[in-house]
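Here's the letter readout for the chains.
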Number of protein chains: 2
Amino acid sequence: MSTSHRYCVIMCGGVGSRFWPYSREDRPKQFIDFFGTGRSLLQMSYDRILPIVPKENIIIVTNARYAPLVAEQLPEIRKENILLEPARRNTAPCIAWAARHIASRDPQASMIVTPSDHLITRESIFEKCVLTGFEFVEATDSLLTFGIDPVRPETGYGYIQVGEPVTETISRVKTFTEKPDLELAKVFLESGEFVWNSGIFLWSASAILSALEKHAPDLHASFEQGASAFGTDGEKAWIEQNFQSCPAISIDYAVMEKASNVYVQRVSFGWNDLGTWSALYDNSPKNQAANVTQNCRVLAYESTGNIFAVNGDKLVVVKGLNDYIIADSGDVLLICPKSEEQRIKLMVNDAKIAYGEKFL
Amino acid sequence: MSTSHRYCVIMCGGVGSRFWPYSREDRPKQFIDFFGTGRSLLQMSYDRILPIVPKENIIIVTNARYAPLVAEQLPEIRKENILLEPARRNTAPCIAWAARHIASRDPQASMIVTPSDHLITRESIFEKCVLTGFEFVEATDSLLTFGIDPVRPETGYGYIQVGEPVTETISRVKTFTEKPDLELAKVFLESGEFVWNSGIFLWSASAILSALEKHAPDLHASFEQGASAFGTDGEKAWIEQNFQSCPAISIDYAVMEKASNVYVQRVSFGWNDLGTWSALYDNSPKNQAANVTQNCRVLAYESTGNIFAVNGDKLVVVKGLNDYIIADSGDVLLICPKSEEQRIKLMVNDAKIAYGEKFL
């Protein structure tokens, strides 16, 4: 099949509060040059898909407030390819809209749906996997998800239990699981039967729309009312009036965990969802003292295992600090043990209670 | 004696590197509003002496680079009362100049010489002590230093061993001592015979000039060459040509430790030289978690005994940090245990080696 029917949907509407204050509501994680390469995570996601999908078929879905950031970071994306959500409604409404939008342009379309804030280090392997995935979903009318071969007993991810193989790398899905505790994660890892749920999906537009009709009838019905608007000048207005009444629900919960035509492709392309400071630490180059210095100047004395994420032209001097996050965004400084990072969301909330929106 | 012969010399040329990065070369400690009262330490020193010495007799000696800061902070001081040192030469040349300057204006002058970066909490007691001191030196042609009744076995100060009393509060000096180790400091404290050397001096201009002639003949000879310039339009030019060839030597070493007419007045007016972060911590109001938050917004979780000194409108969030200094000046962030503060000078030096003058 020609690549002209292949589309990519990059979802980039998240707020990234776990990386606060490095990630801020007005400039979340996906818009940050996390690795000091000169490209933000969103730009890296775009760069990665560009050899696979025609540029004019790359669709960005984001929150309306980030329209200027997307335009700034991806000036080559045409305005009609940027879908602006008027409200946050998780992934199912986002994907329902994108699938309608694409199907109205090309009923034969197939599509990859990907988050914008993950790290993928092995781009050439990624490219081969995506091509394999496209060929499968174009031939079989199935819903495919990428399952990452796990490399540690991670408790921060959902897992997929791999079922009966249908090709060398693609299998039926036995079950989707919630985030396990450490003990269970170890069992999953040792069994060889479980992979990480990457949140990257491939399917034809018609297959996901059928699945939504079957498994998420309310959401389907809502979009069905606006069916005639998609692909026309009326699409934007319809979304602005109706999108926020959609239920906030994930595509996993709405469709993937229910549908019978769900498959998983085992992949290993150096993936990390960068969901936590620890994950970022683990995936970043370290200096001799095992510190990660995220784009900043650090003089560290008797200090090891830290991650420094400091915006701007700043010098950080630390003494006697081990395994901490030191994040400075200019008007907020956070100093927190890596082991306590799950509490950062609560701290953001406390900051909101104390100071309103100022430091979010 | 009328107060019109009484002068005050406020020395404020220091760089305050022990408080780096809160104190910076271009805005040292004495120019900072350390306690968030709206007045810098220099301004507090000025305010404190104003009820005792006529305003037109208050002389500021500082480094030439700080002339704009002094003018900004003490706009009521006339320009001819600000002596600008072209180089740092410790206290003896500074005092020699100030004494010559004052003597040229008023041969009968008596003077108090005081640092600008100390904390004195009990101003009314200070005032009484200074008046007592002035009366003594005006009557006796002696060199008087304020000795602070010690309240802890401090190892950061020099001590004075108090000798034979000559009035209720004033005694001969037996010895000046170097900074003791903790064991010796405890012995000093228990003995009741030792007081802290405050670095605040009183004398008549003629007495200190005589003492300099006798005990620091080189320094005296140097200034003697310019004798005719002091009090004339030529003073500034003479200083600019000759001051930097003066030996860098303290008044304690040059005169006080050698002269026989040296006296100490025991005082207790809530003095702290604010020489270290720990001293500042000890002397600052603490919140419930025993943290000192120096003019900044702090959310602290499981964190106690810290001192936060953060410039600007910034939020600091810390978790699991105890007994640290957290100092942020905008382009430098320092995180260092209070117990390791003596290493800050070395860190400043390392920063200089790595980045030049940029972060000093």
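Just above, that's the structure.
Quick caveat, the model's predicted, so the values are computed rather than measured.

Overall, mixed pairing links the six strands, which are arranged β12(A)-β14(A)-β16(A)-β17(A)-β15(B)-β13(B) in an open sheet. Lying at the two open borders of the sheet, with one neighbouring strand each, are β12 (292–294) of chain A together with β13 (297–301) of chain B. For this sheet, the mean angle separating the axes of adjacent strands, direction not counted, is 5 degrees. Strand direction decides the pairing type here: β13 of chain B and strand β15 (residues 315–319) of chain B, joined by five bridges, are parallel. Pairing of Arg297 of chain B across the sheet is with Leu315 of chain B, part of β15 of chain B. Contacts from helix α11 (residues 344–355) of chain A reach β16 (324–328) and β17 (332–337) of chain A together with β13 and β15 of chain B within the one sheet, and its direction differs from that of β13 of chain B by about 140 degrees.

This brings us to the pairing of strand β1 (residues 6–11) of chain B. Along β1 of chain B, six of the six residues are buried, which leaves the element largely enclosed by surrounding structure. Read from β1 of chain B through helix α1 (residues 41–49) of chain B to strand β2 (residues 58–63) of chain B, the crossover connection turns out right-handed.

Ordered by their spatial adjacency, six strands build an open sheet running β13(A)-β15(A)-β17(B)-β16(B)-β14(B)-β12(B), and the pairing between neighbours is mixed. Two strands lie at the open edges of the sheet, namely β13 (297–301) of chain A together with β12 (292–294) of chain B, each paired on one side alone. Averaged over neighbouring strand pairs, the angle between their axes works out to 5 degrees when direction is ignored. Across three bridges, the pairing between β12 of chain B and strand β14 (residues 307–310) of chain B is parallel. In the strand pairing of β14 of chain B, Thr293 of chain B is matched with Phe308 of chain B. The sheet contacts of helix α11 (residues 344–355) of chain B involve β13 and β15 (315–319) of chain A together with β16 (324–328) and β17 (332–337) of chain B, and relative to β13 of chain A the element is tilted by about 140 degrees.

Further remarks concern unusual backbone geometry. All names here are of chain A. A cis amide bond, omega 5 degrees, links Trp20 with the succeeding residue Pro21. Of note in the backbone geometry, Leu274 takes a positive phi value of approximately 50 degrees without being a glycine. Assignment of secondary structure puts Leu274 in the loop between β11 (271–272) and α10 (277–282).

Parameters at a glance
Residues numbered from 1 in each chain as written. Chains lettered and ligands numbered in written order. Predicted model: local features only at pLDDT ≥ 70, side-chain atom pairs only at ≥ 80, totals over all residues. Heavy atoms only, no water. Pairing = 2+ DSSP bridges. Helix = DSSP H or I, 4+ residues; strand = E, 2+ residues; numbered from the N terminus. Axes fitted to C-alpha atoms, helices over the stretch in contact; angles between N-to-C directions. Contact = heavy atoms within 4.5 Å. Buried < 20%, exposed > 50% of the residue type's maximum accessible area, 1.4 Å probe, protein only. Right-handed = clockwise from strand over helix to strand, strands pointing away.

Limitation: the analysis is restricted to geometry and does not speak to function.
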